[in-house]
Amino acid sequence: MTERQVFAPDALAGQVAVVTGGGTGIGYGISRALLRHGATVAIASRNAERLAAAAETLKVDTGGTCVAVPCDVREEGAVRALARSVREQLGPVSLVVNNAAGNFRMAAEKVSARGFRTVVDIDLFGTFYVSQAFVRDMISAGGGTIISILMPDPERGFPLYSPAGAAKSAILSLTRSWAREWGPHGIRVNAIGPGPIPTEGVAVNMMGMSSQESADVFGNMRDTLPLRRLGTADDVAAAVVFLASPAGSWITGNLLNVDGGVSLP
Ligand code: NAP
């Protein structure tokens, strides 16, 4: 999907969102869609310069309010500081999008404990720190939405990316636990499982390939997908807008695969 206005432009009016990893790739697309539907948005990740530039572009592009707050989601103290900063700048957060992640391609027998821990620290602990830091305001407010960006059906495993598969699978379990625990407070907790989306982050960091090599790999993947096209950040962003909007108000504890059919049995 290329970006177009499917939902009412005020579908998220009054919402305050934080998107981790919101300065690049899928997170950037999500942030842009949230802004275009009336939310104010804080984007958070480690690279302060790139994050500030992304916030500026998002503001110009959408006319919305977007702030950049540098943060390493592996650091609990930094995440608490993020929560304070966003509350001071934008008010209490009603929508958290856990999108930041780390990943690398490696045969399972070669993965070091350090590499494994790094992925688990970013994906799983980061999701835990961020969700917990913001949920207290949601409990006080009597509602909110938490959405984590995972992968299609992570319990099936992720050969050659086994640490990420383990971390995403654990986040799916958290999604279901939290949906039950925080549901009585009006807080909905869901996950999205994107299929293959050729972002720069995936090509360079995760696959460790040149742009041409990753284009070839993604081209082969495309031909195996039931819908015969790769995904875009906007495909995922549309699902986030849907789940965060009143249209998603009775949906919780779900994994929504946005994957061109790749997870079909
Ligand atoms: P990406 O552009 O590399 O996104 C990763 C983001 O996470 C970056 O903005 C990065 O920013 C941030 N990040 C990494 N470590 C961090 C840390 N310690 N603290 C805070 N932020 C951190 O790749 P993407 O493809 O858009 O991926 C976004 C999400 O989609 C990930 O959860 C990924 O697992 C998921 N996903 C992607 C695909 C795909 O095919 N693209 C498929 C399934 C799932 P900094 O470097 O500035 O920290």
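Residues numbered from 1 in each chain as written. Predicted model: local features only at pLDDT ≥ 70, side-chain atom pairs only at ≥ 80, totals over all residues. Heavy atoms only, no water.

Caption draft 1: Spotlight on the overall build of the protein chain. For the protein chain, the count of helices and strands is 8 helices and 7 strands. The dimensions of the protein chain, computed from C-alpha atoms along their principal axes, are 45 × 40 × 40 Å. Counting the 265 residues in the protein chain, one finds 51% classified as buried. A separation of at least 24 residues holds for 74% of the contacts in the protein chain among residues at least 6 apart in sequence. (Helix = DSSP H or I, 4+ residues; strand = E, 2+ residues; numbered from the N terminus. Buried < 20%, exposed > 50% of the residue type's maximum accessible area, 1.4 Å probe, protein only. Contact = heavy atoms within 4.5 Å.)

Caption draft 2: Representation of the pattern of salt bridges in the model. Inspection of every chain in the model, using the stated rule, returns 9 salt bridges. Among the salt bridges present, the one from R80 reaches E76, with a minimum N-O distance of 3.1 Å. On the criterion of helical spacing, the pair formed by R80 and E76 is a turn pair, its members being 4 residues apart in helix α3 (residues 76-90). One salt bridge connects D223 with R222, and the closest N-O pair in it is separated by 3.7 Å. We classify D223 as partly exposed; its relative accessible area is 47%. (Salt bridge = Lys/Arg side-chain N within 4 Å of Asp/Glu carboxyl O.)

Caption draft 3: Up close: helix α2 (residues 48-62). The end-to-end C-alpha separation of α2 is 21 Å, in line with the 21 Å expected for 15 residues at 1.5 Å each. Looking at the buried side of α2, the elements it contacts are α1 (25-36), β2 (40-44) and β3 (66-68). Phi turns positive one or two residues past the end of α2, at G63, with a value near 70 degrees. (Expected span 1.5 Å × (residues − 1).)

Caption draft 4: How the structure looks around the site of the ligand. By nearness alone, 26 residues border the ligand, and T24, S45, R46, N99 and T199 come closest of all. At a separation of 2.7 Å, an oxygen atom of the ligand approaches a polar side-chain atom of T24. In the environment of the ligand, a nitrogen atom lies 2.8 Å from a nitrogen or oxygen atom belonging to the side chain of D72. Burial of the ligand by the surrounding chains reaches 89%, relative to a free accessible area of 880 Å². Taken together, the elements giving at least two residues each to the shell around the ligand come down to α1 and α6 (200-206). Class assignment of the residues belonging to the shell around the ligand gives a composition of 12 nonpolar, 9 polar and 5 charged. Viewed by domain, the shell around the ligand spans two of them, domain 1 (13-195 + 233-258) and domain 2 (198-230), each represented by three or more residues. (Near = heavy atom within 4 Å. Polar contact = N/O pair within 3.5 Å; in protein donor to acceptor, adjacent residues only side chain to side chain. Areas by Shrake-Rupley, 256 points an atom, 1.4 Å probe, with all protein chains shown as cover. Nonpolar A, V, L, I, M, F, W, Y, C, P; charged D, E, K, R; others polar. Domains from an automatic or database assignment.)

Caption draft 5: Broad picture of the packing of α1 against α2. Axis separation between α1 and α2 bottoms out at 10 Å; the angle between their running directions is 35 degrees. α2 is crossed by α1, and the crossing has right-handed handedness. Seen from α1, the contacting residues are Y28, S31, R32, L35 and R36; seen from α2, they are A54, T57, L58, D61 and T62. By residue class, the composition of the contact of α1 with α2 is 4 nonpolar, 3 polar and 3 charged. (Axes fitted to C-alpha atoms, helices over the stretch in contact; angles between N-to-C directions. Left-handed = near helix turned anticlockwise from the far one by under 90°.)

Caption draft 6: Fine view of the pairing of strand β5 (residues 144-149). Taken across its 6 residues, β5 has 6 buried, putting it largely inside the fold. Of the two faces of β5, the one lined by G144, I146 and S148 and the one lined by T145, I147 and I149 are each fully buried. Where strand β4 (residues 95-98) meets β5, 4 bridges bridge the pair, whose relative direction is parallel. Opposite L95, over in β5, you have T145 as the bridge partner. Chirality of the crossover, the property in question, places the unit of β4, helix α4 (residues 113-141) and β5 among those that are right-handed. Bridging between β5 and strand β6 (residues 187-194) involves 6 bridges; their strand directions are parallel. (Pairing = 2+ DSSP bridges. Right-handed = clockwise from strand over helix to strand, strands pointing away.)

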